[in-house]
Amino acid sequence: MAATPLLELRGIDKSFGPVQVLHDVGLSVYPGEVTALVGDNGAGKSTLVKCVSGIYTMDAGTVTFDGNQVAIHTPRDAASLGIEVVYQDLALCDNLDIVQNMFLGREKVRGIVLDEPTMEQMAGDTLASLSVRTVKSLRQLVASLSGGQRQTVAIAKAVLWNSRVVILDEPTAALGVAQTAQVLELVRRLADNGLGVVLISHNMNDVFAVSDRIAALYLGRMAAQVKTSDVTHAQVVELITAGRSGNLGLPPEKPAAAGFADLTPPGADL
Amino acid sequence: MTTMTTSSGPVQVAKPTVASHLHDYWGRVRGGDIGSLPAILGLIVLCLIFGTARPTFFSAVNFANLFSQGAAVIFIAMGLVFVLLLGEIDLSAGFASGVCGAVMAILLTDHGWDWYSAIPVSLVTGLVIGFVLGFLVSKVGIPSFVVTLAAFLAFQGILLVLLSGGKNISIRDKFVLSLANDNMSVGLSWVLAIIAIVGYAAVQFMRLRGRAARGLVTDPMGIVLARIAALAVLLLAAVAVLTQERSINPLIISVKGVPIVAPIIAVVLIVWTFVLGRTTYGRHVYAVGGNKEAARRAGIPVDRIRISVFVIGSFMASIGGIVAASRANSVDPNSGGSNVLLYAVGAAVIGGTSLFGGKGRVLDAIIGGAVIAVIDNGMGLMGYSAGTKFVVTGLILLLAASVDALSRRRAAATGNR
Ligand SMILES: Nc1ncnc2c1ncn2[C@@H]1O[C@H](COP(=O)(O)OP(=O)(O)OP(=O)(O)O)[C@@H](O)[C@H]1O
Ligand SMILES: [Mg+2]
């Protein structure tokens, strides 16, 4: 607890029309640590991430980055702060190659001409720094990569920019055992390199394997943010499904859950 | 093959040899990434068929004819490549070219303007048309199919109104007429061909050196030399044929040299290929065509890109209209109508540009345009009626579209998604 958070969210509200998806959510992300963000389907994890990355605008709340309060309105704002997101659906262009995808929207140019050699070199360096040795060629189309390789490219794209905070939305959801292990190792390595990492996952084994802290969202509210070493598997599952566990989590007397449960049908993801 | 490795950044990869390069290429073809290969093979087969059936097909006169016959469609098709890259369509490109051609003809003939003021006005007309189409598609959100179908009818009407219900406006301006009908001198033809070959070689070698200096993977020297040699053989052979005397009676008038439209097509090809392949804008066009949401999240202004491709499409249609007017020496209510649009879409698709977006090159328009010009010309020589030509061209377009669709499925099946 000695370290100060790199990224701190306080009091985030977000509604889609009449449906309030996030209520007064707070979250702290520490450098060099993996913070696992857990919660049931529809709890609001992806929505929270998209608020931080500037894809959605939040209705209320503050974002503090590196001690300074910041405003994030567009994906570019987030990127210029050093916040990178690996989305649930990856957001890669199948018809472009690895290098082209990694630099998409932030291409290096010399004059008006794309500086391909520089981009290729930087992409190669980044992949190497992540100890990725599985791709055959940097000029391979992303379409021809396996699920794990695509995930690797998406993560490499996020760390290419000297990013400070990397947020990964269910990076292992579609992967096999071996590739999951690879990606988790990569996630751990990012944190060991001093980045603040947020990992969204439904898999408790993965969460306990790599995270330092766990933040549990329950129906759009932050039920608890705890150190991984302080809780058990069962407690986290309870936090996810009931919003509290023993003296952890949302206070029981607040019957909020019933108030908006019908507004946010679980399982209705994008 | 060899154990030598080269670094691509610090990622170690095997240094490609000529054999491994060809092997990789074949792998991509089998994986569904066939590009222009069917069109090039088709072109060769068609030429052999027509050349055997009608020896005049291979005459210098006929070869020169192919250029002026195909030019207008090729220009329109080059613009359509941009529209198709986003998975959109522009059905109004044919009549847009007619309208732009008519604007030029009216200014030249009815108002006595000079070519250097009439042509820019015609080109700007194309830009404005494209902006309106693109705005309706991207900002209002009407599907491009509907917008341009409506524009197809509207432009046909505008053309009729411009030509006061159907009169034919002839063009007498020397410069405009020369565009599609005259040839360069024999000397200039050779000089330009040599410049093109040397320029291409220089670009290839500079690229090779630049990458090698950074320790990046380079194409094998054998492949680079083969590319340059192929271009040299193609250009020199074409110039050799086109610089022969084509006049029936050379004593009265001599006709020889490369048609003026050929270098115009080449310059436009180089410019647009550069834009698509070497600039940020081009990269973003491919990205939006490949995955619009990914492009948006990467901060790419998707709406502006969508408008821009329609602007380029209609701009190229205006060039096509000017060239068509030049070739016909006139503009009439059917300019840009009839088979023009279908030929242009066909040229792009036959050349290998995907109807599903994200895949295609400007060169495809020329290769596909050549296929269509050869069919039209060859079947004409063999005495087939316009009806038969349309049926055959329609079938070839269907064939190309099926190849496109099937190779997509093949790509999905082989994990190329
Ligand atoms: N664009 C939107 N418009 C309206 N409602 C939305 C929108 N996006 C998300 N929601 C709603 O917000 C709630 C939270 O969704 P979100 O995608 O953040 O959940 P999640 O925690 O990421 O779930 P999962 O684990 O399934 O990915 C859901 O009830 C969803 O229906
Ligand atoms: Mg989600």
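Computed from a prediction, not measured in an experiment: that's the story for all the values here.

Just to check I follow, could you spell out the nonpolar core for this structure?
In a soluble, globular protein the nonpolar side chains are often hidden away together inside. Ranked by internal contacts, the top residues of the largest apolar core, which has 132 residues, are Leu7(A), Ile83(A), Phe75(B), Met78(B) and Met104(B). Here the element with the most residues in this core is helix α3 (residues 60-85) of chain B; it accounts for 14 residues. When sequence neighbours within four positions are dropped, the list of residues in contact with Leu7(A) reads Leu27(A), Ser28(A), Val29(A), Val52(A), Val63(A), Thr64(A), Phe65(A), Ile83(A) and Val165(A). If you look at the next biggest cluster of nonpolar residues, it comprises 38 residues, including Leu92(A), Leu114(A), Ala158(A) and Trp161(A).

Please clarify how the domain arrangement of chain B should be interpreted in this entry.
Accessible area lost upon the coming together of the parts is a frequently used measure of interface size. Residues and elements named next belong to chain B. Segmenting chain B into domains produces domain 1 (36-179 + 268-414) and domain 2 (183-258). Computed over C-alpha atoms only, the centres of domain 1 and domain 2 are separated by 25 Å. Listed as interface residues are 6 residues of domain 1 and, on the opposing side, 5 residues of domain 2. Summed over the three residues of domain 1 that lose the most area to domain 2, namely Ala60, Phe63 and Arg278, the buried surface amounts to 62% of that side. The tally of links between domain 1 and domain 2 comes to 0 salt bridges. At the surface where domain 1 touches domain 2, the tally comes to 0 residue pairs in polar contact (both at pLDDT 80 or more). Among the elements that make up the side of domain 1 that touches domain 2, the one with the highest residue count is α3 (5 residues). For the side of domain 1 that touches domain 2, the per-class residue count stands at 5 nonpolar, no polar and 1 charged.

Explanation requested: the pairing of strand β9 (residues 165-169) of chain A in the structure shown.
Looking along a regular strand, one sees side chains alternate from face to face of the sheet. Residues and elements named next belong to chain A. Within β9, 5 of the 5 residues are buried, which leaves it mostly tucked inside the rest of the structure. Residue alternation in β9 divides its side chains into two sets, Val165, Ile167 and Asp169 and Val166 and Leu168, and both sets are buried. Where strand β6 (residues 83-86) meets β9, 4 bridges bridge the pair, whose relative direction is parallel. When the sheet's bridge partners are listed, Ile83 is paired in β9 with Val165.

Explain the sheet that holds strand β12 (residues 221-227) of chain A here, please?
Note on sheets: strands pair through backbone hydrogen bonds, and any given pair is parallel or antiparallel. All names here are of chain A. The mixed open sheet is built from 6 strands, whose spatial order is β6-β9-β10-β3-β11-β12. Where the open sheet ends on each side, the last strands, each with one partner, are β6 and β12. Sheet twist, expressed as the average angle between the axes of neighbouring strands with direction ignored, equals 15°. Strand direction decides the pairing type here: strand β11 (residues 213-218) and β12, joined by 6 bridges, are antiparallel. Its bridge partner being in β12, Leu217 is matched across the sheet by Met222. On the sheet, helix α5 (residues 147-159) packs against β6 and β9 and is oriented at approximately 170° with respect to β6. Contacts from helix α8 (residues 233-242) reach β3 (34-39), β11 and β12, with the element oriented near 25° to β11.

What is the right way to look at the sheet that holds strand β4 (residues 60-65) of chain A in this model?
All names here are of chain A. The 4 strands are arranged β2-β1-β4-β5 in an open sheet whose pairing can be described as antiparallel. Lying at the two open borders of the sheet, with one neighbouring strand each, are β2 (19-29) and β5 (68-70). Between one strand and the next, the sheet's axes are offset by a mean angle of 30°, whatever the strand orientation. Examined bridge by bridge, strand β1 (residues 7-16) and β4 share 5 bridges and lie antiparallel to one another. Counted as the bridge partner of Asp13 is Ala60 from β4. Each of β1 and β2 is contacted by helix α1 (residues 45-52), which is oriented at about 115° to β1, the strand it contacts most.

So what exactly am I meant to see when it comes to the packing of aromatic side chains here?
We describe a pair of aromatic rings using the distance from one ring centre to the other and the angle between the two ring planes. Counting across every chain of the model gives 10 aromatic pairs over all chains. Ring centres of Trp115(B) and Tyr116(B) lie 5.6 Å apart, and the angle between their planes is 80°; on these two criteria the pair is classed as edge-to-face. Since its relative accessible area comes to 32%, Trp115(B) is described here as partly exposed. Above the face of the Tyr30(A) ring, Arg213(A) is positioned so that its terminal group lies 3.9 Å from the ring centre. The positively charged end of Arg408(B) is found above the aromatic ring belonging to Phe356(B), 4.3 Å away from the centroid.

Sorry if this is basic, but what is going on with the confidence of the model for chain B here?
The predicted structure's coordinates, where accompanied by low pLDDT, should not be read in detail. Residue and element names in this part refer to chain B. Summary statistics for chain B give a mean pLDDT of 89 and a share of 95% for residues scoring 70 or more. This stretch, residues 1-10, has a pLDDT under 50; its non-local contacts, to residues over four places away or in other chains, come to 35 contacts. Scored by ipTM, the complex comes to 0.85, with pTM at 0.87.

Is there a simple way to think about helix α8 (residues 186-213) of chain B in this case?
Given 3.6 residues per helical turn, the α-helix brings residues three or four places apart onto the same face. Taking 1.5 Å as the rise per residue, α8(B) with 28 residues should run 40 Å; its terminal C-alpha atoms sit 41 Å apart, in good agreement. The set of residues buried in α8(B) consists of Ser189(B), Ala193(B), Ile197(B), Ala201(B), Gln204(B), Leu208(B) and Arg211(B). Close packing links the buried residues of α8(B) with α4 (116-129) of chain A together with α9 (221-242) of chain B. Following α8(B) by one or two positions, Gly215(B) has its phi on the positive side, about 75°.

What exactly am I supposed to notice about the pattern of salt bridges here?
Side chains that differ in charge, positive against negative, can pair when their charged atoms come close. The tally for this structure, following the rule as stated, stands at 23 salt bridges over all chains. Note that Arg139(A) and Glu120(A) form a salt bridge whose closest N and O atoms lie 3.0 Å from each other. In this pair, Arg139(A) sits in the loop between α4 and α5 while Glu120(A) sits in helix α4, placing the two residues 19 residues apart along the sequence. Residue class for Arg139(A) comes out partly exposed when judged on its relative accessible area of 26%. Take Glu120(A): its relative accessible area is 2%, and that puts it in the buried class. One network of salt bridges, in which partners are shared, links Asp97(A), Glu116(A), Glu120(A), Arg139(A), Arg211(B) and Arg283(B).

What counts, and where the lines are drawn
For every chain, the first residue of the written sequence is number 1, and numbering continues from 1 onward in sequence order. Written order determines the labels here, with chains lettered from A and ligands numbered from 1. Given that this is a predicted model, residues contribute local features only at a pLDDT of at least 70 and side-chain atom pairs are listed and counted only at 80 or more, while totals for whole chains, interfaces and linings are drawn from all residues. Based on all heavy atoms of the structure, the side-chain values leave hydrogens and waters out of the count. Here the nonpolar core consists of buried residues drawn from Ala, Val, Leu, Ile, Met, Phe, Trp, Tyr and Cys, with membership extended through side-chain atoms lying within 4.5 Å. Three labels apply to residues, based on accessible area from a 1.4 Å probe with only protein chains included: buried if under 20% of the type maximum, exposed if over 50%, partly exposed otherwise in between. Per the convention used, a helix needs a DSSP run of H or I reaching at least four residues, while a strand needs a run of E reaching at least two, with both numbered from the N terminus. Contacts between residues were defined by any pair of non-hydrogen atoms, one from each residue, lying within 4.5 Å. Domain limits in this description derive from either an automatic procedure or a database domain assignment. In this description, buried area is defined as the sum, over both parts, of the accessible area (probe of 1.4 Å) that is lost when the two are combined. In what follows, salt bridge is the name for a side-chain nitrogen of Lys or Arg lying within 4 Å of a carboxyl oxygen of Asp or Glu. Definition of a polar contact: a pair of N or O atoms within 3.5 Å, with one able to donate and the other able to accept a hydrogen when the atoms are protein atoms, and with sequence-neighbouring residues admitted only if both atoms are side-chain atoms. Three residue categories are used. Nonpolar comprises Ala, Val, Leu, Ile, Met, Phe, Trp, Tyr, Cys and Pro, charged comprises Asp, Glu, Lys and Arg, and polar comprises the others, including Gly. Think of it this way: DSSP has to see at least two bridges between two strands before they count as a pair. With axes taken as lines fitted to C-alpha atoms, and helix axes fitted only over the stretch in contact, angles between N-to-C directions fall between 0 and 180 degrees. Pairing of aromatic side chains here covers Phe, Tyr and the six-membered ring of Trp, requires ring centres within 6.5 Å, and sorts the geometry by plane angle: under 30 degrees stacked, over 60 edge-to-face, intermediate tilted. A positively charged side chain is recorded as over a ring if its NZ (Lys) or CZ (Arg) lies within 6 Å of the ring centre. The angle to the ring normal must also be within 35 degrees. A score between 0 and 100, pLDDT records how confident the predictor is in each residue. The span one expects for a helix is its residue count, reduced by one, times 1.5 Å.

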